[in-house]
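# Coordinate inspection notes
Okay, here's what each chain looks like letter by letter:
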Amino acid sequence: MTSRPQKFLVTGVAGFLGSHLLDRLLEAGHTVVGVDNVSMGRLSNVEHHSANPRFRLVQADITRKDTFDALDSDFDCVVHLAAFKIPRYGKAIDTLRINYLGTDEILQFAVRSKCKCVIASTSDIYGRNPAVPFSEESESVIGSSKVARWSYAVSKLFDEHLAFAYQESFEIPVTVLRFFGSYGPRQHLTWWGGPQSVFIDSVLNGRTIPIHGDGQQTRSFTFVTDTVEGIYQSAVNPAANGEIINLGSNREVTILQLAQLIHRLSGQPGEAKIELVPYESFTGKRYEDVRRRVPDVSLCERLLGVKAKVSLEDGLTRTIEWQKAFTAKGGK
Ligand SMILES: NC(=O)c1ccc[n+]([C@@H]2O[C@H](COP(=O)([O-])OP(=O)(O)OC[C@H]3O[C@@H](n4cnc5c(N)ncnc54)[C@H](O)[C@@H]3O)[C@@H](O)[C@H]2O)c1
């Protein structure tokens, strides 16, 4: 594993994971150029580094070739995090085009730089596969193409294949990381950032917590510092080259349990007020949820020595404190 200072390109740097990865890379002495068009991220996520000479922010679109033509090509590693997620609010065409075109541009750039490329993928690619826990060899069971939510999983599966095709044809090392529900400070405050922020906001404001479906669907949530340690080690450790790695915690909770836990940790009196909301009412169209989602994380531990350490109780407590302070400042 290398410890010499390296030069990183991070896409999606102003987003949730990107800004925490930036903290980690700068703290370790590396130099970072971050690209983000701030369509979903926030400049405030990275402004604490604006005076650091080892960081430069490029506000540009990753789907455009001229974004990368304007950059040097002496990078040691590209970490590609910019993406559009499940099209709950946006359009499936954004998810598909940004994730396809952007990843192709990034991989071409990595070839020009002759450098390693770490690509963000998602636990969503396991889809409706009921056989948890998911190892990296587990099958992707994707629903109908008429259900727009699967466009995200399909776009990420395409990105994974594209990455390995570039590795084969151009001999650059690639690593694919499948994240499982990361949460923490700087998360997006809508469903884009996951259920935590929406539930915390409801609890802090004395509102009913909206749960989609029956609340018995399960997830495994990972505190952001644990996710970022996995990204960091994957980037600097050649043991990750050519691998697909699940990054997450393997503690499984139902969404109902998550809501109740947030209510308890927020110090609110009484029972949590819960409303079960049918999926169609917020998507306006057909939606399919994933029933259970739990990773097998043994490969990550074996290859990189990284295991999620922060408990859900501790992580949520820190996230609630951050969200209180952030919204008190106006949420910008
Ligand atoms: N957070 C999670 O739990 C999670 C889970 C699974 C997968 N992922 C993947 O990890 C990556 C990072 O997720 P995140 O939670 O930090 O998301 P995020 O939305 O907070 O960050 C993504 C960033 O990409 C930027 N971006 C989007 N389109 C762009 C474009 N065309 N050009 C330039 N920048 C653009 C956004 O402005 C945003 O700052 C994504 O690829 C996502 O699919 C995240």
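All of the points below concern the structure found in this document. (Residues numbered from 1 in each chain as written. Predicted model: local features only at pLDDT ≥ 70, side-chain atom pairs only at ≥ 80, totals over all residues.)

### Quick look at the site of the ligand
The condition that has to hold: Each residue receives a C-beta atom built from its backbone; the residue is near a molecule or strand if that atom lies within 6 Å of it. Helix numbering and strand numbering both begin at the N terminus, where a helix is a DSSP run of H or I of at least 4 residues and a strand a DSSP run of E of at least 2.
Inspection of the region around the ligand gives 30 residues, with Gly12, Gly15, Leu17, Gly41 and Ala83 positioned closest. Mapped by element, the contributors of at least two residues to the shell around the ligand are α1 (16-27), α3 (92-113) and β5 (116-122). If one sorts the elements of the shell around the ligand by residue count, α1 sits on top with three residues.

### Structural notes on helix α6 (residues 224-236)
Inclusion rule: A helix is expected to reach a length of 1.5 Å times the quantity of its residues less one. Residues with at least 20 neighbouring C-beta atoms inside 10 Å of their own are called buried, those with 12 or fewer are called exposed, and the rest are partly exposed, where every C-beta is derived from the backbone.
Compared with an ideal rise of 1.5 Å per residue, which puts 13 residues at 18 Å, α6 spans 18 Å between its outermost C-alpha atoms and is within 8% of the ideal. Val224, Thr227, Val228, Glu229, Gly230, Ile231, Tyr232, Gln233, Ser234, Ala235 and Val236 are the residues of α6 that are buried.

### Brief notes about the packing of helix α5 (residues 195-204) against helix α7 (residues 255-265)
Going by this rule: Only C-alpha atoms enter the line fits that serve as axes; for helices the fit covers just the stretch in contact. Angles between N-to-C directions range over 0 to 180 degrees. Every angle not falling under 35 degrees, over 145, or within 65 to 115 is termed oblique; those three ranges are roughly parallel, roughly antiparallel and roughly perpendicular. Here a crossing is called left-handed whenever its near helix is offset anticlockwise from the far helix by less than a right angle, and right-handed whenever the offset is clockwise. Contacts here follow a simple rule: the backbone-placed C-beta atoms of the two residues must lie within 7 Å. Note that Gly is not counted as nonpolar here; it falls among the polar residues with everything else outside the nonpolar set of Ala, Val, Leu, Ile, Met, Phe, Trp, Tyr, Cys and Pro and the charged set of Asp, Glu, Lys and Arg.
Where α5 meets α7, the axes come as close as 9 Å, and the angle between the chain directions of the two elements is 45 degrees. When the interaxial angle is binned, α5 and α7 end up oblique. Where α5 crosses over α7, the two elements pack in a sense that is right-handed. Residues Pro195, Gln196, Phe199, Ile200 and Val203 of α5 form the contact with α7, whose participating residues are Ile255, Leu258, Ala259, Ile262 and His263. Among the residues making up the contact of α5 with α7, the classes are represented as eight nonpolar, two polar and no charged.

### A look at helix α10 (residues 312-328)
Here is the rule: As used here, the arc belongs to the directions running from the helix axis to the C-beta atoms.
For α10, which comprises 17 residues, the first-to-last C-alpha distance of 24 Å matches the rise-based estimate of 24 Å (1.5 Å per residue) to within 8%. Buried within α10 we find Leu312, Gly315, Leu316, Thr319 and Gln323. For α10, the arc enclosing every buried residue in end-on projection is 90 degrees, short of the 170-degree limit, so these residues lie on one face. In α10, the exposed positions that point more than 90 degrees away from the buried face belong to Glu313, Asp314, Ala325 and Ala328. In the segment just after α10, glycine 330 is the residue with positive phi, at about 105 degrees.

### A closer look at the pairing of strand β2 (residues 31-35)
Applicable threshold: For two strands to be treated as a pair, DSSP must find no fewer than two bridges joining them. For crossovers, right-handed means that the path from the first strand over the helix to the second runs clockwise, given strands pointing away from the viewer.
Both strand β1 (residues 7-11) and β2 contribute to a ladder of five bridges, which runs parallel. Among the inter-strand pairings, lysine 7 is bridged to a residue of β2, identified as threonine 31. Running through α1, the crossover from β1 to the neighbouring parallel element β2 is right-handed. In this sheet, strand β3 (residues 55-58) lies alongside β2 in parallel orientation, the contact comprising four bridges. Looking at the pairing, glycine 34 lines up with leucine 57 of β3.

### Remarks on the pairing of β1
Counting buried positions over the five residues of β1 gives four, a clear majority of the element. Note that β1 and strand β4 (residues 77-80) share four bridges and pair parallel. Along β4, the bridge assignment pairs phenylalanine 8 with cysteine 77.

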